[in-house]
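If you want the building blocks of each chain, they are given just below.
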Amino acid sequence: MKILKLTLVAVVLTGCSTSPTKTIPENCKADIFKLTAEEEKYYEKPPTLKAHNIVPEFKLSGPHFKVASTVPTDGFLMQIKVESDFGTFEASSPAALDELIVEIAALEQLQNISKMDAFVGGMKHSLVALGKDVKDIVTSPVQSISGIPAGIGRFFERTYLTTKTGIKAIGSNAVDDQRCGLGGKFPGELDSPAVHAEKPNAATMTAKQTGKVAMNVLGYYEQRRALAKKLRVSPYTTNSVLSEELDSIAWASFSGGLGISALKIAAPATMIINLTSRTSSWVWDTKPGDLKVMDEESLQDMGVAQESTDYFLRHRQYTVTLRHRLVLALEQLKTTTGRKDILELALTVESELQAQFVVEAVEMLAKYHQTEKEIAKIGVNGTIIGHSINGDIVTPAPVSYLSWNKRLKFFASKKDLQSKQKTILLGDGLITPLAKQELAQLGWTIK
C-alpha cells in the first residue's frame, strides 16, 4: 500500500494552523500533551479494565470467538480485543463489540453457505458462463496517511482545524479526481462486471468511502444488500474478512442464477443484541446512489457549499452508512443554527474512529434537542458544542471510557466555554471517579 506523503500534519496546539502547501512553524510541532514527571502524578494513567466488568457474560465468548480478559483504555476509548476463527479484531466500545459479534455470526453463516451444493454449483456456473469475458477491475486500496493519529483525543486538543487547512489532503485519496478509487464513482454509477481485491483488505478500504466502487451487473448489488439484510450486517461493512465473504457469496448466487432466497440462511443467533441505529432498514432497502442524492439535496438545503458537499460525499473515512446517519442527525437539528460548521469539522476527520465520533456526537445532540432542551446553536470548539436556548453549554462525548487526562483538562478549562450550566453528554460511556470529580470542580455536569 502506498503511503500518501502530506505536508499537512495534525496540529495539536491551540491557534496553530497552516496551509497544506506550507511547512508547520516550529512552535506548533511540540506535543504539549506529553506529560512531565510532575504531571504524571496528577493525571490518571489510562486504566486496564476487566472484560467481565464491562461486558455481559454471554458476550465474552461464543462458538467462534473469545474476548480477551483485559481491556486497555487510552483515556477516551476501550480497546476490546477479540480472537475468532476468522481472525483477530478490536472493538472500541461495548456497542462496537455487539456489532462485531453479529459480524462473526454472519461469517459463520457465510462459511456454511459456501459448502452448500447449491452454492458450489452456482460458483461453477458463474465461472463457466463468464470465463475470460469477465475482466476483473482491480481497485487500489485507499492510501493511508503517515503520522496522523487515529484516535479521538484530537477533538479535545485544538480549537479548530479549518476546512481550508486539510479538506483536500485529509478528505480525499489524492488531490486529483481519483478520490474514490475509480473516478469517484458510487455503486451503480459504473458499468463494470466485477471487483476483485488484490489484497485481503482492499475491498474494505474502498468500502470506507462508498460501500463499493464499481460493480453494477444487473442485480448484483441488490443481491449483496439482500444477503447482508438476512445476516443483519451492514452491506458497507469495513470488516475486510466479512466484506470479501459477502462479495464471494453474493457474486456466486447472482451469476449462478440462484438468488438469495435459494440460500438457506438461519435467523441470526445474535438477534438478542441491539444494534440501534447502526443497522437501520434504509441500509439494506435503499440503493447507495439514492442515498447519495438524498444526502446531497439535504446538505444543499442546509446551505452547505457545493465544494464542501462534494468532498463529504466522497470522503474516504465515511461509509455510506456513517454519511447518511450524519445527514439524518443534522436534519433533526433543522431549527438550530451552525449546522454548516459541523460539516466543516466532519471533513477534517483522519480515521474511521474519528468519523464515528462526529456522527455519534451529532446524533446525541439531536436526541437531546428533541427530548431534553432545545439547542439554539451548534458550533465547533475542538469538538462539537451545543448552546441551548437559555445559554447552557452541552457537549456530546461519545466515548467508551473517560479518564482524567491532559487533553480532557485542556478542553474543560477553556475560557471560551463559560456558562452557568455546562453539561457533558456521556451516553453509554463510563467515567472514572477522578475524572468526574475534576470536571465537577471545573463546572461541568455529567449526564
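Residues numbered from 1 in each chain as written. Predicted model: local features only at pLDDT ≥ 70, side-chain atom pairs only at ≥ 80, totals over all residues. Heavy atoms only, no water.

**Some remarks on the overall build of the protein chain**
Right, so step 1: When helices and strands are tallied, the protein chain shows 16 helices and 17 strands.
Right, so step 2: The buried share among the 447 residues of the protein chain stands at 53%.
Right, so step 3: Within the protein chain, contacts between residues at least 6 apart in sequence are counted, and of these 72% link residues at least 24 apart.
Right, so step 4: With the model as given, the accessible surface of the protein chain reaches about 20,000 Å², and the carbon-plus-sulfur share is 52%. (Helix = DSSP H or I, 4+ residues; strand = E, 2+ residues; numbered from the N terminus. Buried < 20%, exposed > 50% of the residue type's maximum accessible area, 1.4 Å probe, protein only. Contact = heavy atoms within 4.5 Å. Areas by Shrake-Rupley, 256 points an atom, 1.4 Å probe, with all protein chains shown as cover.)

**Topic: the sheet that holds strand β13 (residues 393-396)**
Right, so step 1: The strand order across the open sheet built from five strands is β11-β12-β13-β15-β17, with neighbouring strands paired in mixed fashion. With one partner strand each, in any of the chains shown, β11 (375-381) and β17 (444-446) form the two edges of the open sheet. Within the sheet, the average angular offset between the axes of one strand and its neighbour, ignoring direction, is 30°. (Pairing = 2+ DSSP bridges. Axes fitted to C-alpha atoms, helices over the stretch in contact; angles between N-to-C directions.)

**Concerning the pairing of strand β7 (residues 87-91)**
Right, so step 1: Here five bridges tie strand β6 (residues 80-84) to β7, and the two strands are oriented antiparallel to one another. In the sheet register, Ser 84 faces β7, and the bridge partner there is Gly 87.
Right, so step 2: Here β6 folds back onto β7 in antiparallel fashion, the turn holding two residues.

**Remarks on the pattern of salt bridges**
Right, so step 1: Inspection of the entire model under this criterion finds eight salt bridges.
Right, so step 2: In this structure, Arg 325 and Glu 363 form a salt bridge, with 2.8 Å as the shortest nitrogen-oxygen distance. Taken together, the residues span a long stretch of sequence, with Arg 325 in helix α12 (residues 320-331) and Glu 363 in helix α14 (residues 352-371) at a distance of 38 residues.
Right, so step 3: On the basis of relative accessibility, which here comes to 7%, the residue Arg 325 falls in the buried class.
Right, so step 4: A salt bridge links Asp 392 to Lys 373; the nearest nitrogen and oxygen atoms lie 2.8 Å apart. Here Asp 392, found in the loop between β12 (383-388) and β13, pairs with Lys 373, found in the loop between α14 and β11; they are 19 residues apart in sequence, far enough to count as distant.
Right, so step 5: Residue classification places Asp 392 among the buried residues on the basis of a relative accessible area of 11%.
Right, so step 6: The exposure class assigned to Lys 373 is partly exposed, which follows from its relative accessible area of 26%. (Salt bridge = Lys/Arg side-chain N within 4 Å of Asp/Glu carboxyl O.)

**So, the sheet that holds β6**
Right, so step 1: The strand order β3-β4-β6-β7 describes an open sheet built from four strands, whose pairing is antiparallel. The two strands at the open ends of the sheet, each matched to only one other strand, are β3 (61-62) and β7.
Right, so step 2: The sheet contact formed by β3 and strand β4 (residues 65-67) spans two bridges and is antiparallel. Note on β4: the bridge partner recorded for Ser 61 is Lys 66.
Right, so step 3: The sheet contacts of helix α3 (residues 94-113) involve β4, β6 and β7, and relative to β6 the element is tilted by about 10°.

**Brief notes about the nonpolar core**
Across soluble globular proteins, nonpolar side chains show a tendency to be buried alongside one another.
Right, so step 1: Tyr 318, Leu 326 and Leu 439 are the most contacted members of the largest nonpolar core, which totals 56 residues.
Right, so step 2: The leading source of residues in this core is α14, at ten residues.
Right, so step 3: Within the second largest apolar cluster, 43 residues are counted, among which are Met 78, Tyr 221, Leu 242 and Leu 291. (Core = buried A, V, L, I, M, F, W, Y, C linked by side-chain atoms within 4.5 Å.)

**Some details on helix α16 (residues 433-441)**
Right, so step 1: Within the span of α16, buried status applies to Ala 435, Glu 438 and Leu 439. Burial along α16 is one-sided: seen end-on, the buried residues are contained in an arc of 100°. Of the residues in α16, the exposed ones pointing more than 90 degrees away from the buried face are Pro 433 and Gln 441.
Right, so step 2: Looking at the buried side of α16, the elements it contacts are α1 (37-42), β14 (401-402), α15 (406-412), β15 (422-425), β16 (430-431) and β17. (Arc of directions from axis to C-beta.)

**Examining the packing of aromatic side chains**
Right, so step 1: Going through the model one piece at a time under the given rule, you end up with nine aromatic pairs.
Right, so step 2: With a centroid separation of 4.7 Å and an interplanar angle of 70°, the aromatic rings of Tyr 42 and Tyr 43 are classed as edge-to-face.
Right, so step 3: Taking relative accessible area as the criterion, Tyr 42 reaches 32% and is therefore assigned partly exposed.
Right, so step 4: A relative accessible area of 9% means that Tyr 43 is categorised as buried.
Right, so step 5: For the ring pair Phe 155 and Phe 357, a centre distance of 4.6 Å and an interplane angle of 10° mean the geometry is stacked. Of the two residues, Phe 155 sits in the loop between β9 (144-145) and α5 (163-170) while Phe 357 sits in helix α14, which places them 202 residues apart along the sequence. You'll find Phe 155 and Phe 357 in the same group, each marked buried.
Right, so step 6: Among the aromatic residues, those joined into a cluster by ring pairs are Phe 76, Phe 155, Phe 156, Phe 357, Phe 411 and Trp 444.
Right, so step 7: A cation over an aromatic ring shows up here: Arg 154 above the ring of Phe 155, its NZ or CZ 4.4 Å from the ring centre.
Right, so step 8: Directly above the aromatic system of Tyr 311 lies the positively charged group of Arg 314, at a separation of 5.3 Å from the ring centroid. (Phe/Tyr/Trp six-rings, centres within 6.5 Å; stacked < 30°, edge-to-face > 60°. Lys NZ or Arg CZ within 6 Å of the ring centre and 35° of its normal.)

**Comments concerning the environment of Ser 298**
Right, so step 1: Of note, Ser 298 is situated in helix α10 (residues 288-301).
Right, so step 2: Residue Ser 298 is classed as buried on the basis of its relative accessible area, which comes to 12%.
Right, so step 3: Residues in contact with Ser 298, not counting those within four places in the same chain, are Val 327 and Glu 331.

**So, unusual backbone geometry**
Right, so step 1: For Arg 232, which is not glycine, the phi dihedral falls at a positive 60°.
Right, so step 2: Along the chain, Arg 232 turns up in the loop between α7 (220-231) and α8 (240-255).

**Notes on the confidence of the model for the protein chain**
Right, so step 1: Residues at a pLDDT of 70 or more form 66% of the protein chain, whose mean pLDDT is 75.
Right, so step 2: Within the model, the stretch residues 159-216 combines pLDDT values under 50 with 182 contacts to residues more than four positions away or in other chains. (pLDDT = per-residue confidence, 0-100.)

**A closer look at the packing of α10 against helix α11 (residues 306-313)**
Right, so step 1: One way to put it is that α10 packs onto α11 with a least axis distance of 10 Å and a crossing angle of 150°. Here α10 lies roughly antiparallel to α11, going by the angle between them. Helix-helix and strand crossings are classified by hand; for α10 and α11 the assignment is right-handed. Where α10 approaches α11, its residues Lys 292, Asp 295, Glu 296, Leu 299 and Gln 300 are matched on the opposing element by Gln 306, Thr 309, Asp 310, Phe 312 and Leu 313.
Right, so step 2: Broken down by class, the residue content of the contact of α10 with α11 amounts to three nonpolar, three polar and four charged. (Parallel < 35°, antiparallel > 145°, perpendicular 65-115°, else oblique. Left-handed = near helix turned anticlockwise from the far one by under 90°. Nonpolar A, V, L, I, M, F, W, Y, C, P; charged D, E, K, R; others polar.)

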